[in-house]
Amino acid sequence: LAYRRHSRYNTKSNKTRLLRTPGGRLTSLVVKKKAKGPSCGDCGKRIIGVPALRPQEYRRLKKRERRVNRAYGGSRCAQCVRTR
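About the criteria used
Residues numbered from 1 in each chain as written. Predicted model: local features only at pLDDT ≥ 70, side-chain atom pairs only at ≥ 80, totals over all residues. Heavy atoms only, no water. Helix = DSSP H or I, 4+ residues; strand = E, 2+ residues; numbered from the N terminus. Rg over C-alpha atoms; globule rule 2.2 N^0.38 Å. Buried < 20%, exposed > 50% of the residue type's maximum accessible area, 1.4 Å probe, protein only. Contact = heavy atoms within 4.5 Å. Areas by Shrake-Rupley, 256 points an atom, 1.4 Å probe, with all protein chains shown as cover. Salt bridge = Lys/Arg side-chain N within 4 Å of Asp/Glu carboxyl O. Phe/Tyr/Trp six-rings, centres within 6.5 Å; stacked < 30°, edge-to-face > 60°. Lys NZ or Arg CZ within 6 Å of the ring centre and 35° of its normal.

What to know about the overall build of the protein
- The secondary structure content of the protein amounts to 2 helices and 2 strands.
- Computed over its C-alpha atoms, the radius of gyration of the protein comes to 19 Å, more than 25% above the 12 Å expected for a compact globule of 84 residues.
- The principal-axis extent of the C-alpha atoms belonging to the protein is close to 55 × 25 × 20 Å.
- Relative to its full complement of 84 residues, the protein shows a buried share of 15%.
- Considering only intrachain contacts with a sequence separation of at least 6, the fraction spanning at least 24 residues in the protein is 24%.
- For the protein, the exposed surface amounts to about 7200 Å²; the carbon and sulfur share of it is 51%.

Let's talk about the pattern of salt bridges
- Applying the stated rule across the entire model yields 3 salt bridges.
- K32 is the partner of E57 in a salt bridge, and the nearest nitrogen-oxygen pair spans 3.6 Å. Placement of the pair is E57 in the loop between β2 (26-30) and α1 (63-66) and K32 in the loop between β2 and α1, with a sequence separation of 25 residues.
- Accessibility expressed as a relative area gives 18% for E57, which makes it buried.
- K32 gets classed as exposed once you look at its relative accessible area, which sits at 65%.
- Three or more residues are tied together by salt bridges with common partners; here these are D42, R76 and R84.

Some points on the packing of aromatic side chains
- A full pass over the atoms with the stated rule returns 0 aromatic pairs.
- One residue, R84, lies across the ring of Y72, its end atom 4.6 Å from the ring centre.

Rendered as structure tokens:
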């Protein structure tokens with residue numbers, strides 16, 4: 001199957017997978033990049049309670065869904081806040 005978008009090379013941003021349509025045809029579906037999610041600025045661990053999304057998708061969330069409800073919430077992990 002041919003790429004349906006502008007880039008015709010197998011790059012990181014141009015990954016596809018096969019999809020069978022209800023009519024029985026095979027088409028290519030563009031796969032989104034996997035998100036890493038926010039990490040602690042001190043120790044580098046992932047922050048629990050914050051979803052791992054691409055940067056553009058955080059704009060659709062409410063403010064309370066983007067961070068954790070405590071001091072330094074969404075920026076530092078709970079262990080690092082305790083030791084501060």
